[in-house]
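Fold and geometry: a report
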Number of protein chains: 4
Amino acid sequence: MANLKMTTPPKGWNSWDVYGASVTESEVKENAAYMAENLLSHGWEYVVVDIQWYEPTADSSHYHAFAELKMDEYGRLLPAENRFPSAVNGVGFKNLSDYVHSLGLKFGIHIMRGIPRQAVHLNVPIAGTNLRARDIAHANSICPWNTDMYGIDMGKEGAQAYYDSIFKLYAEWGVDFIKVDDIADSKLYSTHLEEIKAIRKAIDKTGRDMVLSLSPGPAPLKYGTFFQEYANMWRLTDDFWDNWEQLKDMFTRCAQWSPFVGPGSWPDCDMLPLGHIGIRSVDGGGADRLTRFTKAEQRTMMTLWSIFRSPLMLGCELTDLDDWTLHLLREPTLKIMHQEGRNARQIHNEDDWVVWQTEANATVYYVIFNLSDTERVTPTEIVALAKLKNSETLVAHDCLVSY
Amino acid sequence: MANLKMTTPPKGWNSWDVYGASVTESEVKENAAYMAENLLSHGWEYVVVDIQWYEPTADSSHYHAFAELKMDEYGRLLPAENRFPSAVNGVGFKNLSDYVHSLGLKFGIHIMRGIPRQAVHLNVPIAGTNLRARDIAHANSICPWNTDMYGIDMGKEGAQAYYDSIFKLYAEWGVDFIKVDDIADSKLYSTHLEEIKAIRKAIDKTGRDMVLSLSPGPAPLKYGTFFQEYANMWRLTDDFWDNWEQLKDMFTRCAQWSPFVGPGSWPDCDMLPLGHIGIRSVDGGGADRLTRFTKAEQRTMMTLWSIFRSPLMLGCELTDLDDWTLHLLREPTLKIMHQEGRNARQIHNEDDWVVWQTEANATVYYVIFNLSDTERVTPTEIVALAKLKNSETLVAHDCLVSY
Amino acid sequence: MANLKMTTPPKGWNSWDVYGASVTESEVKENAAYMAENLLSHGWEYVVVDIQWYEPTADSSHYHAFAELKMDEYGRLLPAENRFPSAVNGVGFKNLSDYVHSLGLKFGIHIMRGIPRQAVHLNVPIAGTNLRARDIAHANSICPWNTDMYGIDMGKEGAQAYYDSIFKLYAEWGVDFIKVDDIADSKLYSTHLEEIKAIRKAIDKTGRDMVLSLSPGPAPLKYGTFFQEYANMWRLTDDFWDNWEQLKDMFTRCAQWSPFVGPGSWPDCDMLPLGHIGIRSVDGGGADRLTRFTKAEQRTMMTLWSIFRSPLMLGCELTDLDDWTLHLLREPTLKIMHQEGRNARQIHNEDDWVVWQTEANATVYYVIFNLSDTERVTPTEIVALAKLKNSETLVAHDCLVSY
Amino acid sequence: MANLKMTTPPKGWNSWDVYGASVTESEVKENAAYMAENLLSHGWEYVVVDIQWYEPTADSSHYHAFAELKMDEYGRLLPAENRFPSAVNGVGFKNLSDYVHSLGLKFGIHIMRGIPRQAVHLNVPIAGTNLRARDIAHANSICPWNTDMYGIDMGKEGAQAYYDSIFKLYAEWGVDFIKVDDIADSKLYSTHLEEIKAIRKAIDKTGRDMVLSLSPGPAPLKYGTFFQEYANMWRLTDDFWDNWEQLKDMFTRCAQWSPFVGPGSWPDCDMLPLGHIGIRSVDGGGADRLTRFTKAEQRTMMTLWSIFRSPLMLGCELTDLDDWTLHLLREPTLKIMHQEGRNARQIHNEDDWVVWQTEANATVYYVIFNLSDTERVTPTEIVALAKLKNSETLVAHDCLVSY
């Protein structure tokens, strides 16, 4: 298993669903403050700045191809100061991280696998070596959806040194959570096993605990134990958004991955598109909106993520959170299943009735999901299987917890 | 998980590797007697009659296409009486099963998925119904390597009734272990999920405990939790024989499947081609022979199967067993890892050095495998990882246990 | 190229689209009589009895699994006499064939690849040999959608003899056209190359000219020259029916296959679902109906089939033919392109405008197809490319010939 | 068909097999001079400078990742002047081309699909537009084996203008033959259809005849008619070298592609690794050497390429050519089949005997190939098929022409 033995799956907030690549320092701070005040007591603690914090002109989830990136002399990306003013004088995220920590929270950032193409074309030196960017860049490894980086050829001298050099920086900044993208399932090259190993090694060298989260999915099941050994979280699907087809599909994935869930090993259903999202994002068929999920679907999502023990990362603008959603995020039964559950697994799947079971707190919990598009009465076999007293009625896409 | 909660993986003997499709009653009894006397005390207890016990002319591992099969009036296969004399008067395996049980052992048989083609072309009635074989046979589902059966179309009325009718018979015979073939990975149609469910249901209806073993492999990893729910064992590969390439390949499979191992859920590395095998088998590049595995390879196989907790099914003629092999089958450390191990997993795989770890008996056990083709000294990192005191030397394909 | 050097693609009628597997002798004769009177003068001459003429209970396009088939003592299928009364006394199709020939037409039948399963389970002798059906049946080769036959293992002695024995019969019956099914693209086993070679050889031995037509499709392009060498027609798609999506898709196939068209080599777009079809067929989303194609779509189909030089086989009940359709089948420009065209090929495909060109009669013919779902004016570049004088307007799915 | 109606397949010389990416002007001139004197009279006329003539440090077939390229202010690559001294003052290949033309020969160059990465990172202007390199570069399209270029996104304004700008230059230089690489089969993205169309359009706009050759292979058969419409040559395989396995495999490819051969449409078996090759190339298991092909194999290659009508491009240093090889290149029967053949096709392929047939000069030519590894007597059926008078004996990998 990966070095960090997190006994419970991480919970927190990530800037992607609401701000795409364009979040600013003040927005991060406001969301962090809200979380500290309203959610920390219920276990929500990570604040994660998603992709392209080093891109000064980022303004949505749409990337500017070949944009100039903020970078130091060793090809290490730095926060764009126009967006993160506290990053002046090359201190990076240190000040923002200190602020987040001062609230009792933990701080995370997103990176892309590899080294900036800009560093390679400038052929900058690799910190602590006599080598240069062109010596380690993988000539023919790119991300298929973003132009920032080249992959790194781990067979080359200096390759590990570059990853070491960036993680040294992140440790100095006080980073607690690192989300690495274009690595768990590259659409061009499958999974980048060697770069994952290198990142693991680089983190371990820092001596600092950092949650290692790998994106995007679907991470291949055949590498399940590999991910357990080297990472803490890995995505089960491509980006998840607020539509029912994706939510329904997640049931199949969770059923397949349930044996891999345990301390430090958290297969990841992706961010929760609840509340107010899409403020500066055009992904997910998106626009500035309240989640398109019905309340039943929101309950279903939160319940599946909880019983399966997925990481829970909020995708919305927290300062706009409504009471109903806040209540859902604090729901105590979901929290018990999520934080204390053992041996969770699907025990029934027939005719759009799905039943999951978990053991927590010396109790067996059951969840019944009505995945059909109509309101239905729970059939006798489900009543028996889930130890219900009566045949309950469930509206479309809703669920029911019993124990 | 499947109904039968076996707390330890099954151990026993199977007739395939040595007699192909042609084993006789007296051979089964002699092997059973040997097992009762020499191996039962070390946990070996299942005696399994493999494929085509209903085929009177079977004489090796090569099938006679379209041969006439011994069958009752309801299309249920019966033991060929020329090969199993105690099966006279339609009592099936009852007498042989009684004998095996009298030795303190358990009795198993092999079947093919489906209904005999012979029953379909004769259009026999399905026991307990007004239906006939043609009503339930799947018109276009065959086994790609044997002509005995058609698959059953589980969408048809009477389909479950046929499976119920054969398992009723097996329960009456006293069957404790059922190996179902052409079902976990059909080379033509992938996994037969619906027929697996039907067999599970038919077993449960009998009220008798039967280990459910599914063949052949590779069973798809994506159905891993499905297999856990409906079966007890399922094969990781196609037929395993005494050659190093297959043994080496098994390491990858075990590493992928380790999270699925636990009570009643035993991913299966297949029979152990040790000792005297191939007496009437032409499979596996075979002939009447002593295993082609070196002693180091035999140790490696037994150790991988044990730490991974695969079922252990002997493939050889037991009455010919030599002392060295007998000793290996009684090895106490292997037995501890196999019967009591928890959280077994590969923790290192680099440069043909593989290390596994398991927890048993309040101790952590390590196994170091030298998968290379040369004798080598264990590297420092392996010494550290496996808590060795010194750098041991391992010959090619050998292994070392430490704790 | 295959032995038969047909200088023009075959034209005729086939019973499948209208009667499924159930056509009767009187229906065949009525359609033949109509063709002789109304279409023969325009080149339509083949009358083909499609699948399962040997199945007494056939009543639609839905097959009766494992039905008893009419068969001689050598496992050769014979016409079911309840459906084909002139087949009494074992004369097979001789009398029907004589009738068709008396009208100046040619006679064809459909067969499935292989030997009847019924012959194998009875183990009948192979005519002219000391061998039996089980000696040549391919143990594990079936059709995935029909239970009549087993494939034949061409590596076995007697395999060619069986194919020789059935084609000898067909030659005696006076068969001019043979459509062999489950052979060009088996959904289970790809293309059956060896059985195609054996059928070619069996036809050649008879000394009789027979068009060899292979089904179903899509025949793989990589075997294009193989089909040219051994057959005369092979299908480009699975069964074609009266819906626009399939018709639109045929354009891509024709564009790919155009270099393979020439004397004796006719890539086949399948039967024409014009007029009154589906009388006893439930395929193609079907029912007793007039074709669902609009008039524009019918023109488009006939024009594509003609310029591409596909075989033209009518699928409808001819005695119900309306004047508009009859006129279309006699259209002289289509006939010129179809019978005399050379170097036909797609020369433009952009924005749902497709243009084809062929050379016939010292003239270059162009066809413009509007594959979009709306009425549109031909763009300037199309006007120029197709040597039009003006910008014509085409309704959705229509076409225009110019020269 | 592509605009250029070449009635015979091109013949000439290409620098790759002997000099990799590193050929110099003087080497090109020496080879051209030899060709003019010794081979032009036998139809050999193209002189092609292969990949990376714009890379000053190129020294073998191994590319220098991210090397600086010689480029003009519009991102158009120019010959490296240290290697091509006549390219001074921005005149490009004009002087070298003039020299080649003065010998009565034709001049060709190689390019990679796309726009230099260097141009994109510098964001140079696109000639004749207000746009810049970043506006048209395809953000996520690279060559998997060379770092020079990004693909071009043909959906962007300015994309066609860039291709127009480079072909305008090539026309000014007097280029007669253009080999475009990373386009017919990208290992990452299959075939780049839109960029092929754009290049066709750019060539046509110049008004100059240029042979358009697409690499590498295998070009997909399903795009066969697309290639016919837009190009003149396209590769059937990845790089071809002097080993028997590749040569034997080419027979299958030629058999599949034979219907596509005709005026202006030349499926391409790749360069001929005859004579002295590998002087500065490390590809093909290579080193400075005489071809590893036996004389029989060289005959077989030349004969297959000729009867199939592949382009014939010599790969060797011509000034080192021996008499035996020179004789082979001037062989009159091969020349007749190559320049005048019609309807060439494989007519037999069984047991490693392959027979091809072509029609030329009112004669039918046959070629018998012994693809087995032993000397064998031609079987009776081959003797008959190829109209031989006697049963000839052929050594391994040899061939025999008859007519």
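The rules behind the values
- Residues numbered from 1 in each chain as written.
- Chains lettered and ligands numbered in written order.
- Predicted model: local features only at pLDDT ≥ 70, side-chain atom pairs only at ≥ 80, totals over all residues.
- UniProt positions renumbered as here; feature names shortened; annotations may be inferred.
- Helix = DSSP H or I, 4+ residues; strand = E, 2+ residues; numbered from the N terminus.
- Rg over C-alpha atoms; globule rule 2.2 N^0.38 Å.
- Buried ≥ 20, exposed ≤ 12 C-beta atoms within 10 Å, placed from the backbone.
- Contact = placed C-beta atoms within 7 Å.
- Nonpolar A, V, L, I, M, F, W, Y, C, P; charged D, E, K, R; others polar.
- Least-squares fit on C-alpha atoms with pLDDT ≥ 70 in both.
- Domains from an automatic or database assignment.

Looking at an unreviewed UniProt entry, one finds chain A named Alpha-galactosidase and attributed to Jeotgalibaca porci. Regarding chain A, the relevant UniProt record gives this comment under Sequence similarities (unreviewed entry): "Belongs to the glycosyl hydrolase 27 family."

Comments concerning the overall build of chain A
Check the secondary structure of chain A and you find 13 helices and 19 strands. The C-alpha atoms of chain A give a radius of gyration of 21 Å, which matches the 22 Å a tight globule of 403 residues would have. Expressed as lengths along the three principal axes of its C-alpha atoms, the size of chain A is roughly 70 × 40 × 35 Å. For chain A, buried positions account for 56% of its 403 residues. Within chain A, contacts between residues at least 6 apart in sequence are counted, and of these 69% link residues at least 24 apart.

Focus on the interface of chain A and chain D
Facing 13 residues of chain A, the contacting portion of chain D comprises 13 residues. The element contributing the most residues to the side of chain A that touches chain D is strand β5 (residues 137-142) of chain A, with 4 residues. In the side of chain A that touches chain D, the residues fall into 9 nonpolar, 3 polar and 1 charged.

Regarding the relation of the copies chain A and chain D
Once chain A is rotated about the relating axis by 180° and shifted along it by 0.0 Å, it coincides with chain D to within an RMSD of 0.0 Å. Such values leave the two copies arranged in the relation of a two-fold axis. Using C-alpha coordinates, one finds that chain A approaches the rotation axis most closely at Leu-188 of chain A, a distance of 3.4 Å. Counting the interface residues of chain A, we find that 100% of their copies in chain D are interface residues as well, pointing to one common contact surface.

Overview of the relation of the copies chain A and chain B
Superposing chain A onto chain B requires a rotation of 180° together with a translation of 0.0 Å along the rotation axis, leaving an RMSD of 0.0 Å. Interface residue correspondence from chain A to chain B reaches 100%, placing this contact among same-surface, isologous pairings.

What to know about the arrangement of the chains
At the C-alpha level, the nearest point of chain A lies 25 Å from chain C, with no contact between them. Taking C-alpha atoms only, the smallest gap left between chain B and chain D, which are not in contact, amounts to 26 Å.

Considerations on the environment of Asp-352 of chain A
Residue and element names in this part refer to chain A. With respect to the helices and strands, Asp-352 occurs in the loop between β14 (342-350) and β15 (353-360). Separated by 104 residues in the primary sequence, Asp-352 and Lys-248 have C-alpha atoms spaced 9.6 Å apart. When neighbours within four sequence positions are excluded, Asp-352 is seen to be in contact with Asn-370, Leu-371 and Ser-372.

Regarding the domain arrangement of chain A
All names here are of chain A. When cut into domains, chain A gives domain 1 (11-340) and domain 2 (342-403). Each of domain 1 and domain 2 has a C-alpha centre, and the two are 32 Å apart. Residue-level contacts link 19 residues of domain 1 with 19 residues of domain 2. Among the elements of the structure, α9 (244-257), α10 (295-308) and α12 (332-340) are those that each provide at least two residues to the side of domain 1 that touches domain 2. For the side of domain 1 that touches domain 2, the element with the most residues is α10, which contributes 7 residues. Tallied by class, the residues present in the side of domain 1 that touches domain 2 amount to 9 nonpolar, 5 polar and 5 charged.

Re the interface of chain A and chain B
Counting residues at the interface gives 11 residues for chain A, matched by 11 residues for chain B. Taken together, the elements giving at least two residues each to the side of chain A that touches chain B come down to α8 (224-230), α9 and β14 of chain A. Taken together, the residues of the side of chain A that touches chain B sort by class into 4 nonpolar, 5 polar and 2 charged.

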